[in-house]
Amino acid sequence: MMSSSVHAPVAVVAAMHEELSALLAQMPDEQRVRAAGRDFWVGHLHGQPVVAVLSRIGKVAAAVTATVLLERFGVRAIVFTGVAGGLAPDVEVGDVVVATQLLQHDLDASPIFPKYEVPLMGLSRFAADAAVSDALAAAAEAALRDPVALVGQAAVDEFGLRSPKVHRGLLVSGDRFVSTAAESDALRRSLPDALAVEMEGAAVAQACHDYGVPFAAVRTISDRADDAAHGDFARFVAEVASRYSLALASAWLATLPSSSEAPAAT
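Residues numbered from 1 in each chain as written. Predicted model: local features only at pLDDT ≥ 70, side-chain atom pairs only at ≥ 80, totals over all residues. Heavy atoms only, no water.

## Topic: the overall build of the chain
For the chain, the count of helices and strands is eight helices and ten strands. What you see for the chain is a C-alpha radius of gyration of 17 Å, in line with the 18 Å of a compact globule of 266 residues. Viewed in the frame of its principal axes, the chain has a C-alpha envelope of about 50 × 50 × 30 Å. Classification of the 266 residues of the chain by burial places 55% in the buried group. Across the chain, the fraction of contacts at a sequence separation of at least 24, relative to all contacts at a separation of at least 6, is 78%. Carbon and sulfur atoms make up 55% of the accessible area of the chain, which totals about 10900 Å². Computed over 20 positive and 31 negative side-chain charges, the inter-centroid distance for the chain is 2 Å. (Helix = DSSP H or I, 4+ residues; strand = E, 2+ residues; numbered from the N terminus. Rg over C-alpha atoms; globule rule 2.2 N^0.38 Å. Buried < 20%, exposed > 50% of the residue type's maximum accessible area, 1.4 Å probe, protein only. Contact = heavy atoms within 4.5 Å. Areas by Shrake-Rupley, 256 points an atom, 1.4 Å probe, with all protein chains shown as cover. Lys, Arg positive; Asp, Glu negative; His and termini not counted. Charge placed at Lys NZ, Arg CZ, Asp CG, Glu CD.)

## Considerations on helix H3 (residues 130–144)
If you check H3, its first and last C-alpha atoms are 21 Å apart, about what 15 residues at 1.5 Å a residue would give, namely 21 Å. If you check which residues of H3 are buried, you get Val 132, Ser 133, Leu 136, Ala 137, Ala 139, Ala 140, Ala 143 and Leu 144. The arc that holds every buried residue of H3, seen down its axis, measures 160°, which confines them to one face. For H3, the secondary structure elements touched by its buried residues are strand E5 (77–86), strand E6 (96–104), helix H4 (147–151), strand E8 (166–173), strand E10 (215–223) and helix H8 (233–254). Sitting at the amino-terminal end of H3 is Asp 129, which places a side-chain oxygen 3.2 Å from the backbone nitrogen of Ala 131. (Expected span 1.5 Å × (residues − 1). Arc of directions from axis to C-beta. Polar contact = N/O pair within 3.5 Å; in protein donor to acceptor, adjacent residues only side chain to side chain.)

## So, the nonpolar core
Judged by nonpolar contacts, the single largest core of 45 residues is most densely connected at Val 96, Val 151, Val 240, Tyr 244 and Trp 252. Of all the elements, H8 adds the most residues to this core, at eleven residues. Once residues within four sequence positions are removed from consideration, Val 240 is found in contact with Val 151, Ala 155, Phe 159, Leu 161 and Arg 235. If you look at the next biggest cluster of nonpolar residues, it comprises 40 residues, including Val 53, Leu 69, Ala 202 and Ala 217. (Core = buried A, V, L, I, M, F, W, Y, C linked by side-chain atoms within 4.5 Å.)

## Points about the environment of Phe 126
Inspection of the secondary structure assignment puts Phe 126 in strand E7 (residues 126–127). As for Phe 126 and Ala 182, which are separated by 56 residues in sequence, their C-alpha atoms are 26 Å apart. Excluding anything up to four places from it in sequence, Phe 126 contacts Thr 100, Gln 101, Leu 102, Val 118, Met 121, Ala 205, Gln 206 and His 209.

## Focus on the side chain of Ser 222
With respect to the secondary-structure elements, Ser 222 resides in strand E10. When residues no more than four places from it in sequence are discounted, the contact partners of Ser 222 are Val 83, Ala 84, Val 93, Phe 233 and Phe 236.

This is the structure:
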């Protein structure tokens, strides 16, 4: 469960610079703290003590970032935002996936352990925090009712964001950018309930599980994880995903009990 202390900060983490810059632009008092080769931005957003950080890309980088957030900043919850590739047939570009479970699709220590199971843990799927995920899903439902207000008419037209949807379910992570139809087809066969694929979430979920700290992941679908996955990626992140991330993180933070104290770093 989330710590009862409203004075402990929450963490908002992204892997891409654009999401972090959009968030920082709304933090009136952010201060940079350098740790583990990363810039952690400490301040407030919507009255909440927040630590925002760019995790970098991949599972190891994300796990290191999560550990620093937990050990040094004592965060009471971590939310990971950013983009993912759609896997399930109805998960389209511009949709949002809120994870209920997270799994490392490239973890295989068989035959010693079952495929996907984290050795010595007996787990392959890590549950996202229900309360935080519910709040993020509700925020996403509200925001996506009017995509033009969220991202502008030009982005809606360019990326075909006519009726974006919110999905909840399995999010899978691995240390490769899935960008061919053959790769995505293989993932669908192996993990037929997977909604989307990315490169960080399951690693952060495992770290938060070890520490007993709530974790949630909300991802904007930037592509279909197929042969066209690289097309217009940077522009989509800047014009769509960054605005989604800011809107959803802001809406979630607005639901939390307020605190007048800034988070502390030691």
